[in-house]
Amino acid sequence: MVIRFLPLELMQGESGQVLLKGLLATLELTALAWLLAFAVGIVLAVIRTSGLKGTDTVVGAYVAYHRNVPLLVQILFWYFGIATLLPMVVQKWLNVHGGGFFAGAIAVGLCMAAYVGEDLRSGIRAVSKGQLEAARAIGLTFVQSMRFVVVPQALRNVIPALVNETLLLFKNTSLLMAIGVGELTYASRQIETQTFRTFEIFAITTVCYLVISIFIMLGGRALERHYKVAGR
Amino acid sequence: MLDILHDYWLLLLIGQYPNGPLGGLAMTLILAVAGILLAFPCGIAIALATTSPYAALRTLANGLVYLVRGLPLLMFIFWAYFAIPALLGENAPGVLTMLIALVIYESVYLAEVVRAGIEALPGGQTEAARSLGLTNMQTKRLIILPQALYNMLPSLLSQFISTIKETSLGYVISVNELTFAASQVNSILLTQPFQVYLLLAIIYFLLCFLLTAAVRWLEKRVEQGRRERKVKS
Amino acid sequence: MIVFTGVEKRYGDYRALIEINAAVGRGEVVIVCGPSGSGKSTLIRTVNRLEEIESGTITVDGVDTHSSELDINRIRSGIGFVFQQFNLFPHLNALQNVALGLLKVKRMHRGEAQERAQALLSRVGLGHKAGAFPGELSGGQQQRVAIARALAQNPPVMLFDEPTSALDPEMVGEVLAVMRELAAEGMTMMCVTHEMGFAR
């Protein structure tokens, strides 16, 4: 078995374009899903912390669903299941405008929101109760206290966990190939079936993933250092 | 949805057996159990390698850890899908491919669990063992690992639950596990995708939720066991 | 200024506060002392509603602080509270700690709020430490910043919950000095403390 390894040659021309598009799609998906995951995650954590009646059950159910059902199944459910409930007009529009992309970003974002929310919740719990009391004592509302005093401290506590979730989110975008979204893994498979240069194309894709992963991990460490509360 | 379950429960449970290979939920569980059982010794080996005094072994193990943490499981599955037949010289069943990919992926995460379990032990244990004259290997094998394993049980079960969820990726390479079986049901029915996939989600939910409850019960038992042992000594 | 009428507080079956009737007049400094567990902290925390009460009324400057109709946040901005554990916000520096209430509750302009905060810090002797974070300050300095923070919104009343109990002995003096100054300026104060010397 001879292994030819000429990735540079492979990258010129069509294959390179397809792979690049795939890489960009992966990055876009990661960004969109990340924003959704954090927005929803913060809301989940704050709601559950507020102690209002019923919040524990509702948020608990949301988290339980997203943690116990495999992400792939969630994606399939969103794309093949929930999407078919939308009115026909919306479905046709989505089909034309790359519906899988948005359905996928939403599915991944909402799933990771459950993990982010739980991480933030333990981060919030780690912030001493006195902080919330002191904030309320100077007249801040509950929401203001969370926003300016508690959540900033909680975020600092959980940066390592959140970096981990970001990494996971990034890797999970690869699952969207199952619904035909043209991200990096899908692109590499496409090129592979056309050119049969399996080893090379997978090697290049692997390097792409690894480089971005290392970037995320290093970024996380830099973030940790930057936000170290002075004096501690 | 109940009639779907009524009509197709056999297909979802064991695939097309005996008219075809075993599949469905049974295959999911077989893959998960086999995956975790095989990954466990590998995980221990990797954990020991990362703390080994030999630099070469350490670098190799750490390299593998970075590789697995940086690459999506799906890429591992594709690598296995193409590399294994190439290495074996003949076509490999999808199940084998899936299993190998799972084992490699899970063994790294299990190595993390093992390492955490070992580090949770008081340092005095290693010191006491070495002062008796036991070698590094003997210390690890006779003193550290047995105690660490007991502490690790809840985390191990947690990883098992993760592995169950990971088997769903077999769908992408047409391995006949639960998700694939559900998609087959969907292509038979065609007009009820919402119900089919909702049913699929519910099955996974019940399975993993019950196991998660078992993990919490195990955690309490292990905590109790630890406290009892402390009091006795 | 502060009036307690028939105040009762229960934790389950345990009656922490029983039939409290008392008053703190304008400009008065009232010290609350007693053995541990006698409910002194609980009492002072009911004033700005950090603790709820089961029956009775508490009024500050004529306003019932436990009424369900009013905006508790407005009330609290009119009551200064100093905690035993300081509870400074560690991710903000001293100036920002003092200015936070002015910016978010009083909706002051940033420049104005910072000026006022700087002035308050100077008043407690820490004008030069405006940019320091709580982690960089000693216990006594932190508590003085906490006092400045409580004074920021010009409350007519100041409450102190064991302000020196968490301090090393050398630092108790600097905090008590600030409190004495406040009292001399005519501030209405209610203080829970072990420091019998200060009480006298």
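Residues numbered from 1 in each chain as written. Chains lettered and ligands numbered in written order. Predicted model: local features only at pLDDT ≥ 70, side-chain atom pairs only at ≥ 80, totals over all residues. Heavy atoms only, no water.

1. Structural notes on the overall build of chain B
Stated precisely, the cut-off is as follows: Elements are defined by DSSP. Helices are runs of H or I of four residues or more, strands are runs of E of two residues or more, and each kind is numbered from the N terminus. Exposure is judged per residue with a 1.4 Å probe applied to protein chains only, and the accessible area is read against the type maximum: over 50% gives exposed, under 20% gives buried, and values in between give partly exposed. Any two residues whose heavy atoms approach within 4.5 Å are treated as being in contact. Methods summary: accessible areas were calculated by the Shrake-Rupley approach with a probe of 1.4 Å, and residue burial reflects only the protein chains presented. Here Asp and Glu are counted as negative and Lys and Arg as positive; His is not counted, and neither are the chain ends. A charged residue contributes its charge at one atom only: NZ of Lys, CZ of Arg, CG of Asp or CD of Glu.
Across its full length, chain B carries nine helices and zero strands. Sequence-ordered secondary structure for chain B, helices as α and strands as β, is α-α-α-α-α-α-α-α-α. Viewed in the frame of its principal axes, chain B has a C-alpha envelope of about 70 × 45 × 30 Å. Across the 233 residues of chain B, 46% fall into the buried class. Sequence-distant contacts in chain B: of pairs separated by 6 or more residues, those separated by 24 or more amount to 71%. About 12000 Å² of surface is accessible on chain B, with carbon and sulfur atoms providing 66% of the total. Measuring between centres, the 15 positive side-chain charges of chain B sit 14 Å from its 12 negative side-chain charges.

2. What to know about the pattern of salt bridges
Short version of the rule: Within this document, salt bridges are pairs made up of a side-chain nitrogen of Lys or Arg and a carboxyl oxygen of Asp or Glu, the two lying within 4 Å of each other.
Enumeration over the complete set of coordinates arrives at 14 salt bridges over all chains. Arg115 of chain B is the salt-bridge partner of Glu112 of chain B, the closest N and O atoms lying 2.9 Å from each other. Residue Glu112 of chain B and its partner Arg115 of chain B are both found in helix α5 (residues 94-119); the two are separated by three residues, about one turn of the helix. A salt bridge links Glu174 of chain C to Arg144 of chain C; the shortest N-O distance between them is 2.9 Å. Of this pair, Glu174 of chain C sits in helix α6 (residues 169-184) while Arg144 of chain C is found in helix α5 (residues 139-151), placing the two residues 30 residues apart along the sequence. On the basis of relative accessible area, Glu174 of chain C is assigned to the partly exposed category, the value being 26%. Residues joined in a network through salt bridges with shared partners are Lys129 and Glu133 of chain A together with Lys9, Arg45 and Glu51 of chain C.

3. Some points on the sheet that holds strand β4 (residues 55-60) of chain C
All names here are of chain C. Definition in use: Any two strands between which DSSP finds at least two bridges are classified as paired. Convention adopted: a line fitted to C-alpha atoms gives each axis, helices being fitted over their contacting stretch, and angles between N-to-C directions are expressed from 0 to 180 degrees.
Spatial ordering of the open sheet is given by β2-β1-β4-β5, a layout of four strands whose pairing is antiparallel. Since the sheet does not close on itself, it has two edges, and those belong to β2 (14-24) and β5 (63-64), each with one partner. Packing of helix α1 (residues 40-47) onto the sheet brings it into contact with β1 (2-11), β2 and β4, and relative to β1 it is tilted by some 120°.

4. A word on the interface of chain A and chain C
For the record, the criterion: Accessible-area loss on putting two parts together, using a 1.4 Å probe and summing over both, is the definition of buried area adopted here.
The interface of chain A with chain C comprises 22 residues on the first partner and 24 residues on the second. Of the roughly 2000 Å² buried between chain A and chain C on both sides combined, carbon and sulfur atoms contribute 60%. Joining chain A to chain C, the criterion identifies one salt bridge. Among the salt bridges present, the one from Glu133 of chain A reaches Arg45 of chain C, with a minimum N-O distance of 2.6 Å.

5. So, the interface of chain A and chain B
Rules: N or O atoms closer than or at 3.5 Å make up a polar contact, with two conditions inside protein: a donor-capable atom paired with an acceptor-capable one, and, for residues adjacent in sequence, both atoms drawn from side chains. Under the scheme applied here, ten amino acids are nonpolar (Ala, Val, Leu, Ile, Met, Phe, Trp, Tyr, Cys and Pro), four are charged (Asp, Glu, Lys and Arg), and all others, including Gly, are polar.
In this complex, chain A contributes 38 residues to the contact, which on the side of chain B involves 32 residues. Here chain A meets chain B over a buried area of about 3200 Å², counting both sides, of which 77% is carbon and sulfur. A per-residue breakdown of the area chain A buries against chain B is headed by Asn68, Phe77 and Lys171 of chain A, which together make up 19% of the total. For the interface between chain A and chain B, the tally reads eleven residue pairs in polar contact (both at pLDDT 80 or more). Sorting elements by how many residues they give to the side of chain A that touches chain B places helix α10 (residues 198-226) of chain A first, with eleven residues. Of the residues belonging to the side of chain A that touches chain B, the class tally is 23 nonpolar, ten polar and five charged.

6. Let's talk about the packing of α10 of chain A against helix α3 (residues 55-70) of chain B
Put simply, the test is: If an angle is under 35 degrees, it is roughly parallel; if it is over 145, roughly antiparallel; if it lies from 65 to 115, roughly perpendicular; otherwise it is oblique.
The N-to-C vectors of α10 of chain A and α3 of chain B enclose an angle of 95°; their axes lie 9 Å apart at closest approach. Accordingly, the angle class assigned to the pair α10 of chain A and α3 of chain B is roughly perpendicular. For the pair α10 of chain A and α3 of chain B, the contacting residues are Tyr209, Leu210, Ser213, Met217 and Arg221 of chain A in the first and Tyr66, Leu67 and Gly70 of chain B in the second. Broken down by class, the residue content of the contact of α10 of chain A with α3 of chain B amounts to five nonpolar, two polar and one charged.

7. Focus on the nonpolar core
The condition is simple: Working definition of a nonpolar core: buried Ala, Val, Leu, Ile, Met, Phe, Trp, Tyr and Cys residues. They are joined through side-chain atoms within 4.5 Å.
By size, the foremost hydrophobic cluster in this structure holds 110 residues, and its most contacted members are Ile75 and Val108 of chain A together with Leu12, Ile77 and Met98 of chain B. Ignoring any residue separated from it by four or fewer positions in sequence, one finds Ile75 of chain A in contact with Ala107, Val108, Leu175, Leu176 and Ile179 of chain A. Of all hydrophobic cores here, the second largest spans 37 residues; its members include Ala99, Val124, Ala130 and Met189 of chain C.

8. Looking at the environment of Ile138 of chain A
By secondary structure assignment, the location of Ile138 of chain A is in the loop between α7 (129-137) and α8 (142-172). Those residues within four positions of Ile138 of chain A in sequence are excluded, and the remaining contacts are Ser77, Phe89, Leu100, Gly101, Val105, Arg149 and Gln153 of chain C.

9. Here we look at the packing of helix α1 (residues 2-14) of chain B against helix α2 (residues 24-50) of chain B
Geometry of a packed helix pair, given as the angle between the helix axes and the separation of the axes. Residue and element names in this part refer to chain B. The interhelical angle for the contact between α1 and α2, taken along N-to-C directions, is 20°, at an axis separation of 2 Å. On the basis of the axis angle, α1 is roughly parallel to α2. Residue-level inspection shows Leu11, Leu12, Leu13 and Ile14 of α1 in contact with α2, the latter providing Gly24, Leu25 and Ala26.

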